[in-house]
Amino acid sequence: MAAGEAPRAGRTTAGRRPGRRPFGARVLAFVALTKPRIIELLLITTVPVMFLAEQGVPDLWLVLVTCLGGYLSAGGANALNMYIDRDIDALMDRTAQRPLVTGMVSPREGLAFGLVLAVVSTLWFGLLVNWLSAWLSLGALLFYVVVYTMILKRRTSQNIVWGGIAGCMPVLIGWSAVTDSMSWAPVVLFLVMFFWTPPHYWPLSMKVREDYARVGVPMLPVVASNKVVAKQIVLYSWVMVLVSLLLTPLGYTGWFYTTVALVTGGWWLWEAHGLQNRAKGGLTGAKLKEMRLFHWSITYVSLLFVAVAVDPFLR
């Protein structure tokens, strides 16, 4: 926002305290700080890898404590992200109702909440799972908060490419929770998620580019044309699908996973190329249909990781 420019109508100021803060609403606000819907996706990639590592059903208590620890860690990272970004969140349509913007949670409370979750989650993993998982969890949190949110997000159009590394860590954590070690299987799945993140997030960024442009966040769709963004989406998509097929020749999966990876990957590429063709044709607005790929990307990763969990039982 330019100096002297009045806030847009209907916007709230970051950290504004509402007149009343009911207890129930406050509880929900703290839950909202953890971004539960995003964490659902992180858990979808954690649990199946535990099945793959065990080559069967892992200890269910271990699954439970790993998932809870993952929720606490990711929740802490998300709360700290909202604390740091509360200034721009207040100016963006898609984030204007976040708790630190509406004042349902104060900035000091949000900061304390995020730090407590970071400490508790690290100790939780170390004492109830293993310390390798604890350090991986802490590393993911620090990478998301410091490297992505504080350093990359407002400085480079490649922010989500490298910032997405934090979202890839759950596959390593799931494997290490079972084996207390690393292997090529979680590394391959880490790379799948790494190459999945940009073509997953860029379509959403295309949809809300005005929000990011208004606050000076250089997401790729803000600084490049739809045609350029779509080309990048296609490139990352091809690499993602090819990497996803490496698990079978490496001996970790069989026919079932391979079939699911080929079918879902093929459909992804169809959607990615469709978006590119529409962008090349100069279509904009609703006709661009960029959110089709965004929604499919969530279905894709869910189906792929379900196949990761099921495959050991069919070999």
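Just so we're clear, the structure is a prediction, and the values are computed from it rather than from any experiment.

Here is what the cut-offs are and how they apply
- Residues numbered from 1 in each chain as written.
- Predicted model: local features only at pLDDT ≥ 70, side-chain atom pairs only at ≥ 80, totals over all residues.
- Heavy atoms only, no water.
- Axes fitted to C-alpha atoms, helices over the stretch in contact; angles between N-to-C directions.
- Helix = DSSP H or I, 4+ residues; strand = E, 2+ residues; numbered from the N terminus.
- Left-handed = near helix turned anticlockwise from the far one by under 90°.
- Contact = heavy atoms within 4.5 Å.
- Nonpolar A, V, L, I, M, F, W, Y, C, P; charged D, E, K, R; others polar.
- Phe/Tyr/Trp six-rings, centres within 6.5 Å; stacked < 30°, edge-to-face > 60°.
- Buried < 20%, exposed > 50% of the residue type's maximum accessible area, 1.4 Å probe, protein only.
- Lys NZ or Arg CZ within 6 Å of the ring centre and 35° of its normal.
- pLDDT = per-residue confidence, 0-100.
- Salt bridge = Lys/Arg side-chain N within 4 Å of Asp/Glu carboxyl O.
- Expected span 1.5 Å × (residues − 1).
- Arc of directions from axis to C-beta.

### Regarding the packing of helix H2 (residues 36–54) against helix H3 (residues 60–84)
Phase 1: Relative orientation of the contacting elements H2 and H3 amounts to 145°, with a least axis distance of 10 Å. Pair H2 / H3 crosses with right-handed handedness. Of H3, the residues touching H2 (which contributes Pro36, Ile39, Leu42, Leu43, Thr46, Val47 and Met50) are Leu62, Val63, Thr66, Cys67, Tyr71, Ala74, Gly75 and Asn78.
Phase 2: Looking at the contact of H2 with H3 residue by residue, the class counts come to eleven nonpolar, four polar and no charged.

### Looking at the packing of aromatic side chains
Phase 1: Tallied over the full model, the rule gives twelve aromatic pairs.
Phase 2: With a centroid separation of 5.1 Å and an interplanar angle of 80°, the aromatic rings of Phe194 and Phe195 are classed as edge-to-face. The two residues Phe194 and Phe195 agree in class, both being buried.
Phase 3: A ring pair is formed by Phe195 and Tyr236, whose centres lie 6.2 Å apart and whose planes are at 45°; its orientation type is tilted. A residue pair is termed long-range when its members are at least 10 positions apart, and Phe195 in helix H10 (residues 184–207) and Tyr236 in helix H13 (residues 226–244) qualify at 41 residues.
Phase 4: An aromatic cluster is defined as three or more aromatic residues linked by ring pairs; in this entry it consists of Trp162, Phe194, Phe195, Trp202 and Tyr236.
Phase 5: Sitting over the face of the ring of Tyr83, Arg86 holds its NZ or CZ atom 4.4 Å from the ring centroid.

### Quick word on the confidence of the model for the chain
Phase 1: Mean pLDDT over the chain works out to 92, with 94% of the residues at or above the 70 mark.
Phase 2: In this model residues 1–14 is a low-confidence stretch, pLDDT under 50, and it forms 21 contacts with partners more than four residues away in sequence or in other chains.

### Re the pattern of salt bridges
Phase 1: Scanning the entire structure with this criterion turns up eight salt bridges.
Phase 2: With a closest N to O distance of 4.0 Å, Asp93 and Arg214 form a salt bridge. Here Asp93 is found in the loop between helix H4 (86–89) and helix H5 (99–102), whereas its partner Arg214 is found in helix H11 (residues 209–215), with 121 residues between them in sequence.
Phase 3: Classification of Asp93 as partly exposed rests on a relative accessible area of 48%.
Phase 4: Across the pair Arg292 and Glu271 runs a salt bridge whose closest N-O atoms are separated by 3.0 Å. Of the two residues, Arg292 sits in helix H15 (residues 290–310) while Glu271 sits in helix H14 (residues 255–280), which places them 21 residues apart along the sequence.
Phase 5: What makes Arg292 partly exposed here is its relative accessible area of 40%.
Phase 6: Salt bridges here are not isolated pairs; linked through shared partners, they connect Asp85, Asp87, Lys153 and Arg154.

### Thoughts on unusual backbone geometry
Phase 1: For Lys35, which is not glycine, the phi dihedral falls at a positive 55°.
Phase 2: Secondary-structure assignment places Lys35 in the loop between helix H1 (23–33) and H2.
Phase 3: Taking the relative accessible area as the measure of exposure, Lys35 reaches 12% and is therefore buried.
Phase 4: For Asp180, which is not a glycine, the phi torsion comes out positive at approximately 55°.
Phase 5: Examined against the element boundaries, Asp180 turns out to sit in the loop between helix H9 (165–179) and H10.

### A short note on helix H6 (residues 107–128)
Phase 1: Compared with an ideal rise of 1.5 Å per residue, which puts 22 residues at 32 Å, H6 spans 31 Å between its outermost C-alpha atoms and is within 8% of the ideal.
Phase 2: Restricting attention to buried positions, one finds in H6 the residues Gly110, Gly114, Leu117, Ala118, Ser121, Thr122, Phe125 and Gly126. One side of H6 holds all its buried residues, which, seen down the axis, span an arc of 150°. Turned more than 90 degrees off the buried face of H6, the exposed positions are Arg108, Val119 and Leu127.

### Let's talk about the environment of Ala307
Phase 1: Checked against the element boundaries, Ala307 lands in helix H15.
Phase 2: Between the alpha carbons of Ala307 and Pro249 there is a distance of 16 Å; along the sequence they are 58 residues apart.
Phase 3: Filtering out sequence-adjacent residues up to four positions away, Ala307 remains in contact with Phe256, Tyr257 and Val260.

### So, the side chain of Thr264
Phase 1: Assignment of secondary structure puts Thr264 in helix H14.
Phase 2: With a relative accessible area of 6%, Thr264 lands in the buried category.

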